[in-house]
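Each chain, letter by letter, is given below.
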Amino acid sequence: MKHSTRTIRDFWLLFTGPAIWWSLVLLVPYVIMLMISFYTRKFPFHVPDFQFGNYLKLVEDPQYFLVIFRSLKIAFLVGVTAFVISYPLAYCLARKIKSNRVRLLLYVATIIPLWVSYLLRAYTWKTILGSEGILNSFLMWTGIIQEPSTFFLYNQFAMVITMAYIFTPFMVMPVYASLEKIPPSLIEASKDLGAGRIKTFLKITLPLSMPGVLAGFTFTFCLSAGDFISPALVGGPYSNMVANVVATQFGIAMNWPLGSALGMVLLFIVLAVITLSDRLERAGRINLA
Amino acid sequence: MATVLELRNLTKKFAGDVTAVNNISMSIEGGEFVTLLGPSGCGKTTMLRMIGGFEYPDAGSVVLDGVDITDTPPYERPVNMMFQDYALFPHMTVESNIGYGLRISGIESRQVQHEVGEMLELIDLPGMQNRLPSELSNGQRQRVALARALIRKPKILLLDEPMSALDAKLRQSMQIELLSLHKKIGITFLMVTHDQTEAMVMSDRITVIRDGAIEQIGTPTELYDHPVTPYVADFLGQSNMIPAIVQRNTADRLIATVGCNELDVTDATVVGAIDNNVTLCIRPERIRLLESSSEVDTSLEVITGVMEQVLYSGSSLHFTILLDNNLTINVHYPLNTVLNSSLIAGIGDTVRCGVASATICIFSS
Amino acid sequence: MNKVSQRRRRLDLGNTALGIAAASALGFLYGPIITLMIFSFNDNPITRLPLTGWTLDWYYKALTNSDLLAALWNSVIVAVAAVMICLVIGIPTAFALDRFDFRGKTLFRRLVILPITLPGIITGVSILAFFSMAGVKLSLLTVIIGHGTALTAIVVTNVFARLQRFDRRIEEASADIGARPWQTFVYITLPNIRSAIIGSALIAFTLSFDEIPVTYFLTGRDNTLPMYIWSVIRRGITPEINAIGTIIVALSIVLIFLSVLLIHSDGGTRKNRR
């Protein structure tokens, strides 16, 4: 058999199964969701149709628009908070710790919480921030406040803290990776040319770590925007995010077309952010060689 | 010419009891081109980094123009370095890279652009302001790194193995360019390298460093013709290091015995105190092949041996000759030398060589 | 020597501030987890300070709760089955991406990565829509398929990354000596990418155990563990959750620690620093 034919045969031997799988579980469902978003809601379920009514409702009805806007705002705040928390940690890991072993150990220690039950980690903030919770009892115990405060839980503040907590490792990883790539000689050269430590950081280190920051921020933003666990657990009455509304539409409200439309909107927003981030990264791409 | 840099008793130890620089003292005059020469790990780079401010000595001091800068951070020293990997800022254009140091000191943008333009003319890269480092060739990057360091008019320019990333041809042309730049600007250059040819071609003075200490300082000629240790003799150029036994004979001539050869080495350079056992150091290009046994040139001492190998390397011929005590010596003939082809014995034939005793260095064993 | 101590003090201040910020971040990461563990042993049914006493009651209650145990067992089944799917689909996919060029390759790559970059809810909802249109009833099987979809990308990315670092010349050497393609694959290729496979399988397993957004939409009658916990904590905080949470957290930490070390172990070169 000719080599080129053999290559093609090998490829399809390898790939037929996966190809079928991926089409069935990814491609087809997304297409179906797209289709349903154009259906009409008819009690108790929905009928096939092709109309833009669902999308129009999302734009016209202020409550949906508000939810979308709120989700984006929260996602942005989470990204910024996670950035502030993770950057010093990533910087320390990448540039200050000399021992390879210690660095690997601390890096692994930072990554581990990422994979420890998302649900439980969100739950712990419920126990910490609640009016009968740890933070309040600590503050009362030390006499800082007299009564338990409801300030901490069931609002957007709690959501941002919880999600920033969940996603900080997501930020540390890419920021660490990009900081690690910076050759030490660049820092020395900057100092050699007269820039002190702070100027060197602002002009050299920070800009060169931006690709990692961008990647981490994008990831955190996208996942936060579509999260429904944190809003449900610690969010409270005015904190519905897109994902909660989608869950309701597919649940009690039984309005699949509207839910699908909202889902598609979320999908497009996330894809847009990812593409934008990709373009930004490529535009600012620098060869560190 | 005034002393611009003084190193006083400079010592640096690293973890694990490694003494990289061991009590080194030396001084450099303004406008000189000085090279620190030595193999990897000898401490020359550590010395350079202490002068630049990237390492701090454990003992001793660095004095620049009379000012002690031992503990000054690098951004406060009037000293600039050209890094081995050039360390150009990849996210800045050529113009921003070169102008970086000026902008940091607060010089206004228009003035900076003007000076950068002039500097680009000087290094022969006119109009390249807006290129990125990734768009430049290796040689161009090196020149930008050089410009970036020079534009701040430092008192000393440090060069850390500047040619190591270049291929042989480019290396030669860069050596010449660097030399002419040095003459044009007049700043003191301090270079670190392990390449002895480069050191000899470019330097006013060379410091040979070995295991953290200075082996010898001098001009290239001094080091080459009058090495004070066998190490220097062997490091710069090639040498035949021949063990021999010397004795004064009845006519008060110093005679060296090498196998069955007897050489009158009275006019040789004797380094240090010697006893009977010595090492003769003879440069391969100082040895000449002699005509057959009939020729006698009384000015030359004769060594007889057997031709072992003839190597042709483009512009020169190399002979390896086996002496009767199983030692081999190398003889080197640049190909424009008059060489009677009858002298080129076949492999295995007996051959006689002559060397002027004044060109021999004698070290104690 | 005054200047030396001056300079050293300047450096130390900056470094100390940085160190404190970094340590705080780490403390922030582990604080809640440690709090959870501490309170799982506290004998006050309300989770608050001050600590009242030591007890193992909650662990006992958690481990004898039949609903919880049933959910746990379901989770194990789902996780094992889902990891099987991930490996069977993911490894060939990684090879196809690494070794062949085909039309639509970049698009395909983006598609495969989608489930881990998009919020899980989108994956869950879309597959639910698909099943409903196909008339499939929800059950553990649908959950398994959902997990398979969401998590295969983890195996694909890790194995793909390992394959990219893989020196093909040893395969060429194997072929040169006479081994057939499948022999080369089994004796040469597989052992060298083994750690990436095992590591990503471990990660996928752990994530399946914790999966909620996809599971939420695809669950039938049988609950998985996270769905059970979710229903319990929506109603309120119970100390049993602290106990079961501590167990899960401890197990996850061990599993992830192992798998990350595994993945970083073969040939993960760290840059040489002066």
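The structure displayed is predicted, hence computed values, not measured ones.

1. Digging into the overall build of chain A
Then comes step 1: Broken down by element type, chain A carries 12 helices and two strands.
Then comes step 2: Secondary structure elements in chain A, listed N-terminal to C-terminal, are α-β-β-α-α-α-α-α-α-α-α-α-α-α.
Then comes step 3: For 289 residues, the compact-globule formula gives about 19 Å, and the C-alpha radius of gyration of chain A, at 24 Å, lies well above that figure.
Then comes step 4: Sorting the 289 residues of chain A into buried and exposed places 48% on the buried side.
Then comes step 5: Here the analysis covers contacts within chain A between residues at least 6 apart in sequence; of these, 70% occur between residues at least 24 apart.

2. A look at the overall build of chain B
Then comes step 1: Regarding its fold elements, chain B presents eight helices and 21 strands.
Then comes step 2: Counting over 365 residues, chain B shows a buried share of 38%.
Then comes step 3: Sequence-distant contacts in chain B: of pairs separated by 6 or more residues, those separated by 24 or more amount to 67%.

3. Points about the nonpolar core
Then comes step 1: Among the nonpolar cores identified, the biggest contains 155 residues, and A90(A) and A204(C) are the most heavily contacted of them.
Then comes step 2: Setting aside chain neighbours within four positions, we find A90(A) in contact with V172(A), V175(A), Y176(A) and L179(A).
Then comes step 3: Membership of the second largest hydrophobic core comes to 99 residues, among which are L178(B), L223(B), L280(B) and I329(B).

4. Some remarks on the sheet that holds strand β16 (residues 287-289) of chain B
Residues and elements named next belong to chain B.
Then comes step 1: Across the sheet, five strands lie side by side as β16-β20-β17-β18-β19; this open sheet has antiparallel pairing. In this open sheet, the two edge strands, each paired with only one partner strand, are β16 and β19 (328-334). Across the sheet, the mean angle from the axis of one strand to that of its neighbour is 45 degrees, orientation sign disregarded.
Then comes step 2: Where strand β18 (residues 316-322) and β19 come together, seven bridges link them in antiparallel fashion. Paired with S316 across the bridge in β19 is P334.

5. As for the domain arrangement of chain B
All names here are of chain B.
Then comes step 1: Taken domain by domain, chain B holds domain 1 (3-234) and domain 2 (239-364).
Then comes step 2: Taking the mean C-alpha position of each, domain 1 and domain 2 sit 40 Å from one another.
Then comes step 3: Classifying every residue of the side of domain 1 that touches domain 2 by side-chain character gives four nonpolar, one polar and one charged.

6. Regarding the interface of chain A and chain C
Then comes step 1: Between chain A and chain C, the contact holds 73 residues from the first and 71 residues from the second.
Then comes step 2: At 15 residues, helix α1 (residues 3-36) of chain A tops the list of elements feeding residues into the side of chain A that touches chain C.
Then comes step 3: For the side of chain A that touches chain C, the per-class residue count stands at 52 nonpolar, 14 polar and seven charged.

7. A short note on the sheet that holds strand β4 (residues 59-64) of chain B
Note on sheets: strands pair through backbone hydrogen bonds, and any given pair is parallel or antiparallel.
Then comes step 1: Within the open sheet, the four strands sit side by side as β2-β1-β4-β5 (chain B). Their pairing is antiparallel. Of all the strands in the sheet, the pair left with one neighbour each is β2 (18-29) and β5 (67-68) of chain B.

8. Quick word on the packing of helix α3 (residues 66-99) of chain C against helix α8 (residues 181-210) of chain C
All names here are of chain C.
Then comes step 1: One can describe the packing of α3 onto α8 by two numbers: an axis separation of 9 Å at closest approach and a directional angle of 140 degrees. By the angle between their directions, the pair α3 and α8 is classed as oblique. In this structure, α3 meets α8 at a crossing whose hand is right-handed. On α8, the residues touching S75, V78, A79, A82, V83, C86, L87 and I91 of α3 are I197, A201, A204, F205, S208 and F209.
Then comes step 2: Here the residues of the contact of α3 with α8 are counted per class, giving 12 nonpolar, two polar and no charged.

9. Topic: the packing of helix α5 (residues 118-129) of chain A against helix α7 (residues 156-180) of chain A
All names here are of chain A.
Then comes step 1: Interhelical geometry of α5 versus α7 gives an angle of 140 degrees and a closest axis separation of 10 Å. Between α5 and α7, the crossing angle belongs to the class labelled oblique. Relative to α7, α5 is oriented so that their crossing is right-handed. Together, Y118, R121, A122, W125 and L129 of α5 and A158, I161, T162, Y165 and I166 of α7 make up the contact between the two elements.
Then comes step 2: Classifying every residue of the contact of α5 with α7 by side-chain character gives eight nonpolar, one polar and one charged.

10. Considerations on the pairing of strand β9 (residues 205-210) of chain B
The side chains of a regular strand alternate between both faces of the sheet.
Residues and elements named next belong to chain B.
Then comes step 1: Pairing between strand β3 (residues 33-37) and β9: four bridges, direction parallel. Considered in β9, the bridge of V34 is made with R205.
Then comes step 2: Of the strand pairs in this sheet, β9 and strand β10 (residues 213-218) are connected by five bridges, and their pairing is antiparallel. Residue pairing in the sheet places I209 in a bridge with I214 of β10.
Then comes step 3: Adjacent in sequence and paired antiparallel, β9 and β10 are bridged by two residues, among which D211 carries a positive phi angle near 50 degrees.

11. Regarding the pairing of β2(B)
Then comes step 1: Sheet topology note: the strand β1 (residues 3-14) of chain B/β2(B) ladder contains eight bridges and is antiparallel. Bridging from a neighbouring strand, L10(B) pairs with I24(B) of β2(B).

12. Some points on the environment of V136(C)
Residues and elements named next belong to chain C.
Then comes step 1: Within the secondary structure, V136 is located in the loop between α5 (120-134) and α6 (140-165).
Then comes step 2: The spacing of V136 and S66 is 70 residues in sequence and 29 Å in space, taken between C-alpha atoms.
Then comes step 3: Contacts of V136, omitting those with residues within four sequence positions, involve F131 and T142.

13. Digging into the environment of T55(C)
Residue and element names in this part refer to chain C.
Then comes step 1: Inspection of the secondary structure assignment puts T55 in the loop between α1 (2-40) and α2 (57-63).
Then comes step 2: Along the sequence, T55 and N42 sit 13 residues apart, while their C-alpha atoms lie 6.0 Å from each other.
Then comes step 3: Ignoring anything within four residues of it in the chain, the contact list for T55 reads F41 and D43.

14. A word on the environment of G218(B)
Residue and element names in this part refer to chain B.
Then comes step 1: You can see G218 is positioned in strand β10.
Then comes step 2: Judged by the 17 C-beta atoms lying within 10 Å of it, G218 falls in the partly exposed class.
Then comes step 3: A sequence separation of 128 residues divides G218 from G346, and the C-alpha atoms of the two residues are 41 Å apart.
Then comes step 4: When sequence neighbours within four positions are dropped, the list of residues in contact with G218 reads R205, I206 and L223.

15. Quick word on unusual backbone geometry
All names here are of chain B.
Then comes step 1: Here D211, not a glycine, exhibits a phi torsion of approximately 50 degrees, which is positive.
Then comes step 2: On the secondary structure map, D211 appears in the loop between β9 and β10.
Then comes step 3: A tally of 15 C-beta atoms within 10 Å means that D211 is categorised as partly exposed.
Then comes step 4: Within the chain, N326 stands out as a residue other than glycine whose phi angle is a positive 70 degrees.
Then comes step 5: The topology assignment puts N326 in the loop between β18 and β19.
Then comes step 6: Judged by local crowding, N326 falls into the exposed class, with 7 C-beta atoms found within 10 Å.

16. Thoughts on the confidence of the model for chain A
Then comes step 1: The predicted model of chain A averages 85 in pLDDT, with 98% of residues at 70 or higher.
Then comes step 2: Mean pLDDT across the elements of chain A bottoms out in strand β2 (residues 45-47) of chain A (76) and peaks in helix α8 (residues 184-192) of chain A (93).

The rules behind each value
- Residues numbered from 1 in each chain as written.
- Chains lettered and ligands numbered in written order.
- Predicted model: local features only at pLDDT ≥ 70, side-chain atom pairs only at ≥ 80, totals over all residues.
- Helix = DSSP H or I, 4+ residues; strand = E, 2+ residues; numbered from the N terminus.
- Rg over C-alpha atoms; globule rule 2.2 N^0.38 Å.
- Buried ≥ 20, exposed ≤ 12 C-beta atoms within 10 Å, placed from the backbone.
- Contact = placed C-beta atoms within 7 Å.
- Core = buried A, V, L, I, M, F, W, Y, C linked by C-beta atoms within 7 Å.
- Pairing = 2+ DSSP bridges.
- Axes fitted to C-alpha atoms, helices over the stretch in contact; angles between N-to-C directions.
- Domains from an automatic or database assignment.
- Nonpolar A, V, L, I, M, F, W, Y, C, P; charged D, E, K, R; others polar.
- Parallel < 35°, antiparallel > 145°, perpendicular 65-115°, else oblique.
- Left-handed = near helix turned anticlockwise from the far one by under 90°.
- pLDDT = per-residue confidence, 0-100.

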